[in-house]
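Spelled out, the chains give:
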Amino acid sequence: MLFNSIEFLLFFPIVTIIYFLLGHKNRWWWLLAASCVFYMVFKPEYLLILGFTIVIDYFAGIWIENAIGKQKKWFLIISLVANIGVLAFFKYTNFAIVALAQANVAHFKLLDFILPIGLSFHTFQAMSYTIEVYRGNHKAEKHFGLYALYVMFYPQLVAGPIERPQNVLHQFYEKKNFDYLRVTSGLKLMAWGLFKKVVIADRLALFADKVYNSPMEYEGIPIIVATFFFTFQIYCDFSGYSDIALGTAEVMGFKLMKNFDRPYFSKSISEFWRRWHISLSTWFRDYLYIPLGGNRVGKPRQYFNQFFVFAISGFWHGANWNFIIWGALHGFYLVFARITQKQRTAFNKITGLEKVPFLLKTLQGITTFSLVAFAWIFFRGNYLEQSQLFHLVSHLFSNFPTLKEFLTLNYFLQNISLNFTLVEFLIAIGLIVFMEIIHYTQRDKSIRQLVSTYPMAARWSLYFLFIMAFFILGVFDKPAQFIYFQF
Amino acid sequence: MKIEKFLFKALLLTCLTWGTVETVFYFDPYKKHDLEYSYNAVIIDKYKRLKDTPSPKIVLIAGSNFAYGINSKLIADSLQKPVVNMAIHYDYGTKFMLNQISSELHKGDTVIMGFEYIIECKGNKREQLLMARYFPKAKEWMKFDNFFEEIQVNGQLRINTFKTVLERLYKNTEVNYQILDTTSVFFRGAINEYGDLISHYNNPPMKRIPRAILSDKVSLKNAINDMNMFYEVMKTKKVNVYFVYPTYSESNYVLDKKIIDKFQQECDKYAQFPILGKPTDFVFADSLYHDMAYHLTQKGGEIRTQKIIYLLSRKSY
């Protein structure tokens, strides 16, 4: 079920009201049943895949806890093989078949099935459980229903945040009462997430799609403009989803981990990854980078590990070379930044930039944003043919106009507003600015809490205007799926 | 605060906001104007002619390729039967368009279907519902997949109307299309007595016909299935049903030949209804097209109509 669908508009209040009406003891099965329904809307039979890994991991958790010595490791391996096996089979088999055929090694028939939705998310969440039990950081969950709910909890089932057992499982045991302030705070977060998706992301998509759907027709500035819009589109799309997930959970009294923290304000790529898709970055850090040696190994090995982890992270997103390139590019950025750290510090000192922190931070911010945006070209171009993607990258800085041409209305309309009207272009830009102002303001204080302190008339007027803006500015013609659902 | 009080407040806010949208939808100050000028409202005149024309009659049904490129008078004069051109827009889909005409067809009538290569079976529900806004009977021709789709499409129509009304109030402009002007095409008064679109006759055609969008991933199977079912029902009513391929500009045909060949193969394989001619019969020089690969000029329309008459007569019509 999509968060931006009519089905969810009915599903959410029904599930939530009944959840609060039920006694604490009965809530787990109600949430589990609701989560099953939520998932089955996509493809009912895929519930069996989830069921399979849930059963394996549930028992693996108990076996790991009760095992002695090397047995522990074997049970962990069983769990990991089952999870990675399911993921590999459904997500990467066809990729492998194509790669083998392209390399002329072997030719197999492609498998004909649709990728189970959110597979990478719930598989990673399930793996985090058995790993944490193995590490002794969490006790094995004995209640099968609650363990199943940990994997299937509908707000974060299909696109995260990828939770850890320590953060979520204990919350299912806690009695949640109806708390007006918490419920309204959760609803506000949901509304903001939906606004980011339907109003901002889907609107920016109109601009980005124009170029990315016919890439060969564009050169230079239109590609840069479309990539700029996609950079914000994917952020609003995914962080919008996360906000709805967090808000939905908050309404029912659950606290999920924060997944985004103003990533485009980052001043370095490593900072970007501490602010973007936090639940995945920390997953890779905790369960792959550190086990590979982390920072405890020599510099060359550290660099390799960092590059490798990011390439794998790209592969996690999709069975496609573009995603691998996207991940590897980020890995390269990070390694390059570490290697050139001394030289860059020296450069800042020589040029005097060090003495003007604001300018330095601004330059760092712009550089980081540009590098991230460049990498998104590969991410967005995952459906494109190689020649089209090559065209986009190789023509990014070509066919630039003269200043005189650049300043004409005709050039603006054709190449910058991409044949959308000036008003439509300004609305798109205005929405980005509005969103970032809201996020910037939220650094110190929660706007949701601030709004709660307003007098009733002001609050209601604000709610009314917000909903009206949602109707007026939202893109409802083509209800779009969340980008991260495909992973 | 108790849950009941919260629910009451939530309900009140919903009523206030959605109520505003509903109010604008029902008291739309432009509805009367749109009823007079909207292209979707052209169904009122076309359906009236369909209902009023005695059998045996010839009914043409398709998207805009028939609306633009048919000279119904030529057919009527040649075949000595009254003609009703019901074609409006491909996006209504085959199911909806065939439902549109089926109840008004009687023994001895002839139907010529000429759906575009981009035709879909289900069609665009919002376009259908918009037509129903001006012509409530159109609701009978619609079929929603489920309850959620019905709510969604109705909601979208209301939100779109809300946006449009606000925009029009802000801009304070009212466009009155005229058949004699050299720019407007789609409006209620754009058709002649048979239902042919004639508003483009005195508009300058495009110098270069743009590239049409045809995907090799698309299949006509579902649309053919709809036409098969329609054909079966019409057979019992003793109504003759034929299919002709849509017109397509030469430059686009060259580029899309593979896909069109695939569509032709699908028609040959699955169609139970008689097909008049082949796709190439309706491929003409770009100079005979008005603004896109499916839209013929007046002259192009006449040439194409002659071809249909010829093919029909060869079928010992």
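Note that this is a predicted model, so its numbers are computed, not measured.

**Q** Tell me about the overall build of chain B, residues and numbers included.
**A** When you go through chain B residue by residue, the secondary structure sums to 11 helices and nine strands. Computed over its C-alpha atoms, the radius of gyration of chain B comes to 21 Å, within 12% of the 20 Å expected for a compact globule of 317 residues. Structurally, chain B occupies a C-alpha span of about 80 × 45 × 45 Å along its principal axes. Each of the 317 residues in chain B was classed as buried or not, and the buried ones make up 53%. Long-range pairs, those at least 24 residues apart, make up 79% of the contacts in chain B between residues at least 6 apart in sequence. Here chain B displays about 15,100 Å² of accessible surface, and carbon together with sulfur accounts for 56% of that area. In chain B, which carries 44 positive and 35 negative side-chain charges, the distance between the mean positions of the two groups comes to 3 Å.

**Q** Break down the environment of D91(B) for me, with residues and values.
**A** All names here are of chain B. Tracing the chain through its elements places D91 in the loop between β2 (83-85) and α6 (94-102). A relative accessible area of 18% places D91 in the buried class. Along the backbone, D91 and K125 are 34 residues apart, and their C-alpha atoms lie at a distance of 8.8 Å.

**Q** Could you give an account of the sheet that holds β2(B), with specific residues and numbers?
**A** Residue and element names in this part refer to chain B. Within the open sheet, the five strands sit side by side as β2-β1-β3-β4-β6. Their pairing is parallel. Both outer strands of the open sheet, β2 and β6 (275-276), are each paired with one neighbouring strand and no more. By the bridge criterion, four bridges tie strand β3 (residues 110-113) to strand β4 (residues 240-244) in an arrangement that is parallel. Each residue of the ladder has a partner; that of T110, found in β4, is N240.

**Q** Let's hear about the pattern of salt bridges: which residues, and what values?
**A** Residue and element names in this part refer to chain A. Under the counting rule described, the total for this entry stands at 31 salt bridges over all chains. Residue K196 is joined to D243 by a salt bridge in which the shortest nitrogen-to-oxygen separation is 2.8 Å. Separated by 47 residues along the polypeptide, K196 in helix α8 (residues 180-213) and D243 in helix α9 (residues 221-251) bring together distant segments of the chain. The same class applies to K196 as to D243, namely buried. Taking the shortest distance from any N to any O, the salt bridge between D286 and R285 comes out at 2.9 Å.

**Q** An account of the packing of helix α7 (residues 125-134) of chain B against helix α8 (residues 147-171) of chain B is needed here, citing residue identities and associated values.
**A** Residues and elements named next belong to chain B. Running from N to C, α7 and α8 cross one another at 65°; their axes reach a closest spacing of 10 Å. Overall, the two elements α7 and α8 adopt an arrangement that is roughly perpendicular. The way α7 lies across α8 gives a crossing that is right-handed. Judged by residue contacts, K125, R126, L129, L130 and R133 of α7 engage E149, V153, N154, Q156, L157, N160 and T161 from α8.

**Q** Requested: an account of the nonpolar core, with residues and values cited.
**A** Y264(A), W276(A) and W376(A) are the most contacted members of the largest nonpolar core, which totals 147 residues. Sorting elements by how many residues they give to this core places α9(A) first, with 17 residues. In this structure, this core is formed jointly by two domains, domain 1 (6-178) and domain 2 (182-486) of chain A, each of which donates at least three residues. Excluding its chain neighbours within four sequence positions, the residues that come into contact with W276(A) are I234(A), Y235(A), F238(A), N259(A), F260(A), P263(A), Y264(A), S281(A), W376(A) and Y484(A). Membership of the second largest hydrophobic core comes to 92 residues, among which are V83(B), L105(B), I209(B) and L214(B).

**Q** An account of the interface of chain B and chain A is requested, with residue identities and associated values reported.
**A** Listed by partner, the interface residues are 24 residues for chain B and 22 residues for chain A. Across the chain B/chain A interface, buried area totals approximately 2,200 Å², and carbon plus sulfur atoms make up 79% of it. When the area that chain B buries against chain A is broken down by residue, the three leading residues are I3(B), F6(B) and F148(B), summing to 25%. The tally of links between chain B and chain A comes to zero salt bridges. For the pair chain B and chain A, the number of links is three residue pairs in polar contact (both at pLDDT 80 or more). Every element with two or more residues in the side of chain B that touches chain A is listed here: α1 (3-26) and α8 of chain B. Looking at which element gives the most residues to the side of chain B that touches chain A, the answer is α1(B), with 11 residues. Considered class by class, the residues forming the side of chain B that touches chain A number 15 nonpolar, five polar and four charged.

**Q** I'd like a description of the packing of aromatic side chains, backed by residues and values.
**A** Scanning the entire structure with this criterion turns up 98 aromatic pairs over all chains. Taken together, a centroid distance of 5.2 Å and an interplanar angle of 65° make the contact between F228(A) and F232(A) edge-to-face. Of the two residues, F228(A) and F232(A) both sit in helix α9, four residues apart, roughly one turn of that helix. By relative accessible area, F232(A) is classed as buried at 6%. An angle of 70° between the planes, with centres 6.1 Å apart, marks the rings of Y68(B) and F186(B) as edge-to-face. Highlighted residues: Y68(B) in helix α4 (residues 64-68) and F186(B) in the loop between α8 and α9 (221-236), separated in sequence by 118 residues. Of note, R158(B) hangs over the ring of F25(B), and the distance from its end group to the ring centre comes to 4.3 Å.

**Q** Pulling in residues and values, what's your account of the pairing of strand β8 (residues 289-292) of chain B?
**A** All names here are of chain B. Of the pairings in the sheet, the one linking β8 to strand β9 (residues 295-296) comprises two bridges and is antiparallel in character. In the sheet register, Y289 faces β9, and the bridge partner there is L296. In textbook terms, the turn of a hairpin is the stretch between consecutive antiparallel strands, and for β8 and β9 this stretch comprises two residues.

**Q** Before we move on, can you summarise the side chain of N320(A) with the specific residues and values?
**A** Residue and element names in this part refer to chain A. Position of N320 relative to the elements: it lies in the loop between α12 (299-317) and α13 (321-339). A distance of 2.9 Å separates a polar atom in the side chain of N320 from the backbone nitrogen of N322. Not counting residues within four places of it along the chain, the set of residues in contact with N320 comprises F95 and N382.

**Q** Would you mind going over α1(B) in detail, with residue names and values included?
**A** For α1(B), which comprises 24 residues, the first-to-last C-alpha distance of 33 Å matches the rise-based estimate of 34 Å (1.5 Å per residue) to within 8%. Helix geometry: α1(B) is bent most strongly at G19(B), by close to 30°. Among the residues making up α1(B), those that are buried are I3(B), F6(B), K9(B), L13(B), T17(B), V21(B), V24(B) and F25(B). The elements touched by buried residues of α1(B) are α1 (6-21), α8 and α21 (456-473) of chain A together with α7 and α8 of chain B.

**Q** Quick one: what's the story with the domain arrangement of chain A, residue by residue and with numbers?
**A** Residue and element names in this part refer to chain A. Entries for chain A in the domain assignment read domain 1 (6-178) and domain 2 (182-486). Domain 1 and domain 2 are separated by 27 Å when their C-alpha centres are compared. With 39 residues of domain 1 at the contact, the number on the domain 2 side is 39 residues. Of the roughly 3,300 Å² buried where domain 1 meets domain 2, counting both sides, 68% is carbon and sulfur surface. Applying the counting criterion to the domain 1 and domain 2 interface returns one salt bridge. Our count for the contact surface shared by domain 1 and domain 2 stands at 17 residue pairs in polar contact (both at pLDDT 80 or more).

Rules used throughout
- Residues numbered from 1 in each chain as written.
- Chains lettered and ligands numbered in written order.
- Predicted model: local features only at pLDDT ≥ 70, side-chain atom pairs only at ≥ 80, totals over all residues.
- Heavy atoms only, no water.
- Helix = DSSP H or I, 4+ residues; strand = E, 2+ residues; numbered from the N terminus.
- Rg over C-alpha atoms; globule rule 2.2 N^0.38 Å.
- Buried < 20%, exposed > 50% of the residue type's maximum accessible area, 1.4 Å probe, protein only.
- Contact = heavy atoms within 4.5 Å.
- Areas by Shrake-Rupley, 256 points an atom, 1.4 Å probe, with all protein chains shown as cover.
- Lys, Arg positive; Asp, Glu negative; His and termini not counted.
- Charge placed at Lys NZ, Arg CZ, Asp CG, Glu CD.
- Pairing = 2+ DSSP bridges.
- Salt bridge = Lys/Arg side-chain N within 4 Å of Asp/Glu carboxyl O.
- Axes fitted to C-alpha atoms, helices over the stretch in contact; angles between N-to-C directions.
- Parallel < 35°, antiparallel > 145°, perpendicular 65-115°, else oblique.
- Left-handed = near helix turned anticlockwise from the far one by under 90°.
- Core = buried A, V, L, I, M, F, W, Y, C linked by side-chain atoms within 4.5 Å.
- Domains from an automatic or database assignment.
- Buried area = accessible area lost by both parts, 1.4 Å probe.
- Polar contact = N/O pair within 3.5 Å; in protein donor to acceptor, adjacent residues only side chain to side chain.
- Nonpolar A, V, L, I, M, F, W, Y, C, P; charged D, E, K, R; others polar.
- Phe/Tyr/Trp six-rings, centres within 6.5 Å; stacked < 30°, edge-to-face > 60°.
- Lys NZ or Arg CZ within 6 Å of the ring centre and 35° of its normal.
- Expected span 1.5 Å × (residues − 1).
- Bend = angle between axes of the 7 residues up to and from the residue.

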